[in-house]
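Chains, contacts and geometry: an overview
As a plain string of letters, each chain reads:
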Amino acid sequence: MIVGKVKTAVIIGAGVSGLATAKCLTQVGIHCTVFDRNPYLGGVWADGYHDFGVQVQKDLYEFPDFPLSEEASHFTPGPVFREYLEDYCDHFGIRECLRLGTRVTMIERKGDGWLLEVGGSESSETIEADLVVVAAGLYSETPNAPNIPKREDFGGEVLHASEIKDISQLKDRRVAVIGYGKSATDIAGSAVGVAEKVHLVFRTAHWPVPRKLLGVLPFKWGMLTRLVAALIPPYVRPSPIVRAIHSIGYPLPWLFWRVVELLLSTQQRLRTQIEHGETLMPETPVEFDAFTEVTMVPRPGLIDFIRSGKISAHRTGVSAFSSNGIDLADGDSLEVDCVVFGTGWKTGYPYLPKSILASLDDGPDGFYLYRHVLHPSVPNLAFVGRASSFMSVTTFALQAKWLAEVVADRVLLPDAEAMQSDIDALKSWKQSWMPEGPARSATLLIHMCHYHDELLLDMSADPLRKRGFLAPISELIVPYRAADFRDVV
Amino acid sequence: MGDFIWIGTAIGTAIGLLNMLFILSSRLGQTGLNQAKTVWQGLWVWALWTVFGAYVLALWLLGVVLLSFSRFLRRGTEV
Ligand SMILES: Cc1cc2nc3c(=O)[nH]c(=O)nc-3n(C[C@H](O)[C@H](O)[C@H](O)COP(=O)(O)OP(=O)(O)OC[C@H]3O[C@@H](n4cnc5c(N)ncnc54)[C@H](O)[C@@H]3O)c2cc1C
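Residues numbered from 1 in each chain as written. Chains lettered and ligands numbered in written order. Predicted model: local features only at pLDDT ≥ 70, side-chain atom pairs only at ≥ 80, totals over all residues. Heavy atoms only, no water.

**Let's talk about the domain arrangement of chain A**
All names here are of chain A. Per the domain assignment, the segments of chain A are domain 1 (8-141 + 347-485) and domain 2 (144-208 + 268-345). Each of domain 1 and domain 2 was reduced to a C-alpha centroid, and the two centroids are 31 Å apart. Of the residues lining the interface, 26 residues belong to domain 1; the matching set on domain 2 comes to 22 residues. With both chains or domains summed, domain 1 and domain 2 bury close to 1,900 Å², and 62% of this area falls on carbon and sulfur atoms. When the buried surface of domain 1 facing domain 2 is broken down by residue, Tyr49, His50 and Gln55 rank first, second and third, together holding 38% of it. (Domains from an automatic or database assignment. Contact = heavy atoms within 4.5 Å. Buried area = accessible area lost by both parts, 1.4 Å probe.)

**Details of the interface of chain B and chain A**
Between chain B and chain A, the contact holds 25 residues from the first and 25 residues from the second. Taking both partners together, chain B and chain A bury about 2,100 Å²; carbon and sulfur atoms supply 75% of that area. Ranking the residues of chain B by area buried against chain A places Lys37, Gln41 and Trp60 of chain B at the top, with a combined share of 25%. The partner of Asp462 of chain A in a salt bridge is Arg27 of chain B, and the shortest N-O contact between them spans 2.8 Å. Where chain B packs against chain A, one counts six residue pairs in polar contact (both at pLDDT 80 or more). When contributions to the side of chain B that touches chain A are tallied by element, the ones reaching two or more residues are α1 (2-27) and α2 (35-78) of chain B. Counting residues per element, the side of chain B that touches chain A draws most heavily on α2 of chain B, which supplies 16 residues. (Salt bridge = Lys/Arg side-chain N within 4 Å of Asp/Glu carboxyl O. Polar contact = N/O pair within 3.5 Å; in protein donor to acceptor, adjacent residues only side chain to side chain. Helix = DSSP H or I, 4+ residues; strand = E, 2+ residues; numbered from the N terminus.)

**Points about α1 of chain B**
Residues and elements named next belong to chain B. Here α1 contains 26 residues, and its C-alpha end-to-end distance of 37 Å stays within 8% of the 38 Å for a straight helix at 1.5 Å per residue. Looking only at α1, the buried set comprises Gly8, Thr9, Gly12, Gly16, Asn19, Met20, Ile23 and Arg27. Trailing α1 by a residue or two, Gly29 shows a phi angle of about 90°, which is positive. (Expected span 1.5 Å × (residues − 1). Buried < 20%, exposed > 50% of the residue type's maximum accessible area, 1.4 Å probe, protein only.)

**Some remarks on the packing of aromatic side chains**
The relation between two aromatic rings is expressed through the spacing of the ring centres and the mutual angle of the planes. Residue and element names in this part refer to chain A. On inspection of all chains with the given rule, the structure shows 29 aromatic pairs over all chains. Taking 5.9 Å as the distance between ring centres and 70° as the angle between the ring planes, the aromatic pair formed by Phe66 and Tyr88 counts as edge-to-face. Here Phe66, found in the loop between β2 (31-36) and α2 (78-91), pairs with Tyr88, found in helix α2; they are 22 residues apart in sequence, far enough to count as distant. Assessed through its relative accessible area of 14%, Phe66 is described here as buried. Taken together, a centroid distance of 5.2 Å and an interplanar angle of 75° make the contact between Tyr235 and Trp429 edge-to-face. (Phe/Tyr/Trp six-rings, centres within 6.5 Å; stacked < 30°, edge-to-face > 60°.)

**Section: the sheet that holds strand β14 (residues 311-315) of chain A**
All names here are of chain A. Read across the open sheet, the five strands follow the order β9-β18-β10-β11-β14; overall the sheet is parallel. Bordering the open sheet on either side are β9 (157-160) and β14, each of which pairs with just one other strand. Strand-to-strand twist in this sheet, taken as the mean axis angle between neighbours without regard to direction, amounts to 20°. Inspection of the sheet shows strand β10 (residues 174-178) paired to strand β18 (residues 338-341) by four bridges, in the parallel sense. By the bridge assignment for β18, Val175 is matched with Cys338. In the packing of helix α3 (residues 182-191) onto the sheet, contacts are made with β10, β11 (197-202), β14 and β18, and the angle to β11 comes to roughly 165°. (Pairing = 2+ DSSP bridges. Axes fitted to C-alpha atoms, helices over the stretch in contact; angles between N-to-C directions.)

**With respect to the site of the ligand**
Residue and element names in this part refer to chain A. In the vicinity of the ligand there are 32 residues, among which Ser17, Asp36, Val44, Tyr61 and Ser392 approach most closely. Asn38 is positioned with one of its side-chain polar atoms (N or O) 3.3 Å from an oxygen atom of the ligand. At a separation of 3.0 Å, an oxygen atom of the ligand approaches a polar side-chain atom of Trp45. Look at the ligand: alone it shows 990 Å² of surface, and the protein chains cover 93% of it. (Near = heavy atom within 4 Å. Areas by Shrake-Rupley, 256 points an atom, 1.4 Å probe, with all protein chains shown as cover.)

Shown next as structure tokens:
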């Protein structure tokens, strides 16, 4: 909800979403200041773990109006993407909005706008803004490390994946990596041949998506098309045809996903035996598992390392630390001198007062927003980047554009009651089927195309983005690229 | 076989027609949406349902059989 005339905006975070927001708001005449607690821009791309990089092909993960260079490789390495964000900043003239190395420590209401306390390492100051945009990301607040008993007994080192800046930190050590997501499997894979011994410990197996299906077809063709989006559990307001497919037609999507499971498990040999006769086969059907926070496209070679025993995989929990390692819930003890948690991040907004979090109805799923951006109970506070997608840069660029259009009064919002009922519908829809998790409110993933459709329709832009004679077929079976949204953002 | 293809095509044509009508009714007259594109999309959707109707019916029947079988097996293991 936006009230009053917005002339100034503060954006918290200079990652992908903060930069996209600064560009769009500046273009509609808003004076923007972007604060980032880090002394550099880029958010997660500024400073990641060893050898980190994008999970998807580059045509999915770039700004629609600022393509990555021809030379950039697919699955863009983190440092290359960071350079690209620097270029984006210069190209759109937003560098002068940046105040890096400055943390927003507190915000409070002042009239329709906000009063913010911001500080660097030496001083702090108070500034005012009509609009605050939180673009602080889902993966940068606090490293998530499970609370495992007897930590004080352990003589070795305990690290979070984000602290492994160089894999030589693990050289000649016996390492246990905890987790089964992107960072855990990346670190475990990189540690092979460097560390003396690598264990991968995870409680739940998830469906890994190979970069190429059957070794030939980039995974986006099999996972990110409108046809496939019609076969996942239907979106909050499905069309009649999708409703029919998931009622009387249900055997069709059911069969499709079982074939996908068969292909994924055969290609990646998920029935490989690991410790205690377990396998890598997930228990949750793929069409639901794809909406957990651990969706991952592993680096090629991971499963081979597990098969060959170069990574020793344990499908169990960690029950306690011991003096020389960790004890597992299946009764095994691992002798290690380093434990690495690849268990993600906690999302949090420590600068938001409790009263605001209460108004946002913050709960176990996080909080739900209208179009994942605004809340009717907290005017002039917006969120950009609170939506997980496979092509986040496009998703966030569309969110930023949508917000700028709302601020410029070119997109009219429904009244508060209608916004709230939309939020309630989204919440009960997600809670009816999506796997639980602290970021469930923000999860979109394969549903991203339906969310993009909503933003586009609000902006009076056509959700059908493909062009040419065969556009209707492309709409169905060709995945969208960032470039398809160029004329919108 | 011939009958099956005719039945599948007829069902596909009917579903395709409904799908096309939904596309037309939800898009025509909306600001910002290209009307020619809407009609073109609708026609293609109808054509695709018609052409692939028999295949979709065959896959649906296969799904019915396998889904029933898997539910039966699951009930067996639960018992
Ligand atoms: C290894 C890796 C691979 C990924 N691959 C993909 C992919 O293939 N596809 C995809 O869609 N997504 C991927 N992602 C997700 C990625 O995080 C998002 O796509 C996107 O980069 C997030 O950008 P953001 O600007 O929203 O948040 P961030 O990049 O987290 O930026 C938030 C910024 O806010 C700043 N900040 C936070 N709090 C404050 C405060 N109080 N004051 C000042 N500044 C603050 C932080 O310092 C940070 O710089 C990947 C992430 C990682 C880590």
